[in-house]
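Descriptive structure summary
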Amino acid sequence: MFGKVIKIAVLSLLTYLLQATTAEYLALWNVAPNLALMMIAIVSVALGRKYTFVVALLVGYLLEIMIPMLEYLNLILYPVAAMLGAMVFSDKSERKLGAEFTIGKHGTQLNPHLRTPLCAGLSCLIFEGVHLLYTYLAGVALTAGHWERTIVSVVYTTLLTGLIQFPVRWWLGVYKLKKAR
Amino acid sequence: MKLKVPKTERRKSVDSKGKRILRNVLIVAAVVVLLALAGTHLFKLIIGNEQLAVPEEAVTSILTPLQSGFASVVDGISNYFYTLKLRSRLELEYNNLRQENEQLVYQAMLVQELQHKLSAYETLFDEIAENELMNPLVATVIGRTSGNYFSVFTINKGSNDGIEDFMAVTMGGALVGYTYNVMPTSSSVRSIIDSEASIAGLISSSRDQGTVRGTFGVDGQAMCRMYYLPEDHLPRPGDLVVTSGVGMSFPKGIPIGTVRESTRGMESNKQYIVVEPSADFEHVEYVIVLRYQPTAEAVEERSSSNDSIAYTPLDTVVPIPTIQIGSDFYQLSPTATPSPEPSIDPDATPSPSPDASAEAAPTPDGGNQNYEYQVPSSMQTDNSYGFTLAPTATPSPTPPPLDLSVEED
């Protein structure tokens, strides 16, 4: 039990460190992927919403106090974006699946390997959307360059999540759990 | 009816339920702590109370060294990959530059070759323009002997182009040889340095006439020797030797070479002079064949004239090689040199005999001055000494000092 908690703590710290130090080196066309949201999305699908909230809040807090860009933004935006993504793409409970089945839906969920990048993409889209909104409200006219950067960021984050989800999920013990079941 | 659950199963269920509760408690505690920290931070930002920054500073103080270490590791990895990338770029750039350099070198070589060709063509054009009456024809050398005894090469023009045997072949304003073994599309050219070649020549300054032969088969030198000169005159180094127009259908006045060494007068049996050919036999690529045909008047006049060279060898001719220039070796053995008997036999050499060829090979200067070979202006150079030697110098065993008998240009 404590192992999982420790793993979550280490993962949160690692996520912050990667976002703070490594993301800039992975920039594509000068657009860096959002490694923090990638990790949070993986946690969302693999471990559920409670852990998602903890990790997102911790990462947001660390980014807020260590790399403050806009006041409150990281602290609020990371948990919000992560939770919105988790709401859509995290594992559904058995009760919810049963309820869906009773109203005529399939009552199944997508493959987690597909949900993970989609979750990251959604979170990133929300994150970028808020930034675009803030930029627009600050009086800057949005150009094609803004949209282009947003699209590149979302697509790049989504694709990269699809790649790195396997080692992270393995490290979190998701595959071991599935095998045991 | 109640199912009986074993005690161990019941204990496991209780344990897992306890763990779940504990985990939830921990999560809630973590969330509460995090929310507290976040709230503190927010309040600090709103109120501006510095005391609220204490937890934040604690986290920062723990995180900063950790982040520094992590950043240095990431930077190291990044630098490593950057170096790899840079190296691959440098290698790529180096390969590109190398390829470009090779192309440029090739182009430069091509340009050099074209320049060389252009220069050769200019010279050829000059020569052709100057000697239009000689019916010149440009030919390309397409093969040459690689032996040590004969100097013969093949050109790409033959009887289809009007070439016949014993026509003069020039290059750069100097005689190279004459044609023989003419085929429809190719001809052989025997160089004047070939031992088998024999051409009537004269000393330009003194008008002394003789026979020029090659020495290539004698001592391996690309030189000529001139035999049968009058006994009372001694050519001097630097004198120009030209064709006399006697014998084969050669135009008169084609430069053969310059007198390099005179051995006549030293001893009674050394009766020839060494002539250094003007043509560069190591770089023969394009030549001009002078398809000269003497007119009937010229032939008639020549047959009635007494000016023609009589290829009568001197009684005293014993061609023993003289001192080789640039060597202190004196070759005294007469067996190493061609004996005068076979070489002066008109039948054994392509050179015309005084009697038989006199009819077939008229002199080109039979009253027609236009038939004299005109050295192209670009090729007209003084001798290497830069002055003209007196044509009737007194015989002496060695060349006299250069400043004693010169006429300044």
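Further up the page is the structure itself.
Some points on the interface of chain B and chain A
If you look at the interface, chain B gives 29 residues, while chain A gives 27 residues. Summing both sides of the interface, chain B and chain A together bury roughly 2500 Å²; the carbon and sulfur share of this comes to 81%. If you sort the residues of chain B by the area they bury against chain A, Leu34(B), Gln67(B) and Phe70(B) come out on top, with a joint share of 22%. On inspection of chain B and its partner chain A, the count reaches 0 salt bridges. At the surface where chain B touches chain A, the tally comes to 3 residue pairs in polar contact (both at pLDDT 80 or more). Elements represented by at least two residues in the side of chain B that touches chain A include exactly α1 (7–47) and α2 (54–130) of chain B. With 16 residues, α1(B) is the largest single contributor of residues to the side of chain B that touches chain A. Considered class by class, the residues forming the side of chain B that touches chain A number 19 nonpolar, 6 polar and 4 charged.

What about the packing of aromatic side chains?
Residues and elements named next belong to chain B. Throughout the structure, instances matching the rule amount to 6 aromatic pairs over all chains. Ring geometry for Tyr121 versus Tyr286: centroids 5.2 Å apart, planes at 40 degrees, classification tilted. Here Tyr286 lies in strand β12 (residues 286–290) and Tyr121 lies in helix α2, a separation of 165 residues in the sequence. Taking the relative accessible area as the measure of exposure, Tyr121 reaches 43% and is therefore partly exposed. Relative accessible area serves as the criterion here: at 11%, Tyr286 is assigned to the buried category. Every member of this aromatic cluster is reached through a ring pair, and the members are Tyr227, Tyr228 and Tyr272. In this structure, Arg190 packs its charged tip against the face of Tyr180, placed 4.6 Å from the ring centre.

A few points about the packing of helix α6 (residues 112–137) of chain A against helix α7 (residues 144–172) of chain A
Relative orientation and spacing of two packed helices are given, respectively, by the angle between their axes and the distance between those axes. Residue and element names in this part refer to chain A. It is the contact of α6 with α7, at a shortest axis distance of 8 Å, that shows an interaxial angle of 150 degrees. By the criterion of interaxial angle, the relationship of α6 to α7 is roughly antiparallel. Crossing geometry of α6 relative to α7 is assigned as right-handed. For the pair α6 and α7, contact is made by Pro112, His113, Thr116, Pro117, Ala120, Gly121, Cys124, Leu125, Glu128, Leu132 and Thr135 and by His146, Trp147, Thr150, Ser153, Val154, Thr157, Thr158, Thr161, Gly162, Gln165, Phe166 and Arg169, respectively. Split by residue class, the contact of α6 with α7 holds 9 nonpolar, 12 polar and 2 charged.

Considering the nonpolar core
Membership of the largest hydrophobic core comes to 47 residues, with the highest contact counts inside it found for Tyr16(A), Leu37(A), Ile40(A), Val43(A), Leu47(A), Tyr78(A) and Leu172(A). Sorting the residues of this core by element identifies α1 (2–22), α2 (35–47), α3 (49–66), α4 (73–89), α6 and α7 of chain A together with α1 of chain B as the ones contributing at least two each. No other element matches the 11 residues that α3(A) contributes to this core. Excluding residues within four positions of it along the chain, Tyr16(A) makes contact with Leu62(A), Leu63(A), Met66(A), Ile67(A), Leu63(B) and Gln67(B). Residues Ala120(B), Phe153(B), Ala168(B) and Ile192(B) belong to the second largest nonpolar core, which totals 44 residues.

Side note on the pairing of strand β11 (residues 272–277) of chain B
Residues and elements named next belong to chain B. Among the 6 residues of β11, 5 are classified as buried, and the element is accordingly described as predominantly covered. Pairing analysis gives 4 bridges linking strand β8 (residues 224–227) to β11, with the strands arranged antiparallel. By the bridge assignment, Arg225 is partnered in β11 with Val274. Bridge count between strand β10 (residues 255–262) and β11: 5 bridges; the pairing is antiparallel.

Looking at the sheet that holds strand β2 (residues 152–155) of chain B
Paired through their backbone hydrogen bonds, the strands of a sheet run either parallel or antiparallel. Residue and element names in this part refer to chain B. Taken together, 6 strands build a closed barrel; the order of strands is β1-β2-β5-β4-β3-β12 and the barrel is antiparallel. Averaged over all pairs of adjacent strands, the angle between their axes in this sheet comes to 45 degrees, without regard to strand direction. The pairing of β2 with strand β5 (residues 187–191) spans 4 bridges and is antiparallel. Counted as the bridge partner of Phe153 is Val189 from β5. Strands in contact with α2 are β1 (136–144), β3 (168–171), β4 (174–180) and β12; relative to β12, the strand with the most contacts, it is inclined by about 15 degrees.

Regarding a nonpolar patch on the surface
On the surface, Ile76(A), Val80(A), Leu84(A), Met87(A) and Val88(A) cluster together to form a nonpolar patch covering roughly 430 Å² of accessible area. Along the chain, Met87(A) turns up in helix α4.

Focus: the side chain of Thr161(A)
Mapping Thr161(A) onto the fold places it in helix α7. Setting aside residues no more than four positions away along its own chain, Thr161(A) makes contact with Met38(A), Ile42(A), Thr116(A), Pro117(A) and Ala120(A).

Observations concerning the sheet that holds strand β7 (residues 209–214) of chain B
In spatial order, the strands read β6-β7-β8-β11-β10-β9 (chain B); together these 6 strands close into a barrel with antiparallel pairing. Ignoring strand direction, the axes of neighbouring strands in this sheet form an average angle of 40 degrees.

What to know about unusual backbone geometry
Residue and element names in this part refer to chain B. Within the chain, Asn135 stands out as a residue other than glycine whose phi angle is a positive 55 degrees. The residue Phe166 is not glycine, and still its phi comes out positive at about 60 degrees. As for its position among the elements, Phe166 is in the loop between β2 and β3. On the basis of relative accessible area, Phe166 is assigned to the partly exposed category, the value being 28%.

Rules of the game
Residues numbered from 1 in each chain as written. Chains lettered and ligands numbered in written order. Predicted model: local features only at pLDDT ≥ 70, side-chain atom pairs only at ≥ 80, totals over all residues. Heavy atoms only, no water. Contact = heavy atoms within 4.5 Å. Buried area = accessible area lost by both parts, 1.4 Å probe. Salt bridge = Lys/Arg side-chain N within 4 Å of Asp/Glu carboxyl O. Polar contact = N/O pair within 3.5 Å; in protein donor to acceptor, adjacent residues only side chain to side chain. Helix = DSSP H or I, 4+ residues; strand = E, 2+ residues; numbered from the N terminus. Nonpolar A, V, L, I, M, F, W, Y, C, P; charged D, E, K, R; others polar. Phe/Tyr/Trp six-rings, centres within 6.5 Å; stacked < 30°, edge-to-face > 60°. Buried < 20%, exposed > 50% of the residue type's maximum accessible area, 1.4 Å probe, protein only. Lys NZ or Arg CZ within 6 Å of the ring centre and 35° of its normal. Axes fitted to C-alpha atoms, helices over the stretch in contact; angles between N-to-C directions. Parallel < 35°, antiparallel > 145°, perpendicular 65-115°, else oblique. Left-handed = near helix turned anticlockwise from the far one by under 90°. Core = buried A, V, L, I, M, F, W, Y, C linked by side-chain atoms within 4.5 Å. Pairing = 2+ DSSP bridges. Patch = residues over 30% accessible without salt bridge, like charges linked within 9 Å, V, L, I, M, F, W, Y side chains within 5 Å. Areas by Shrake-Rupley, 256 points an atom, 1.4 Å probe, with all protein chains shown as cover.

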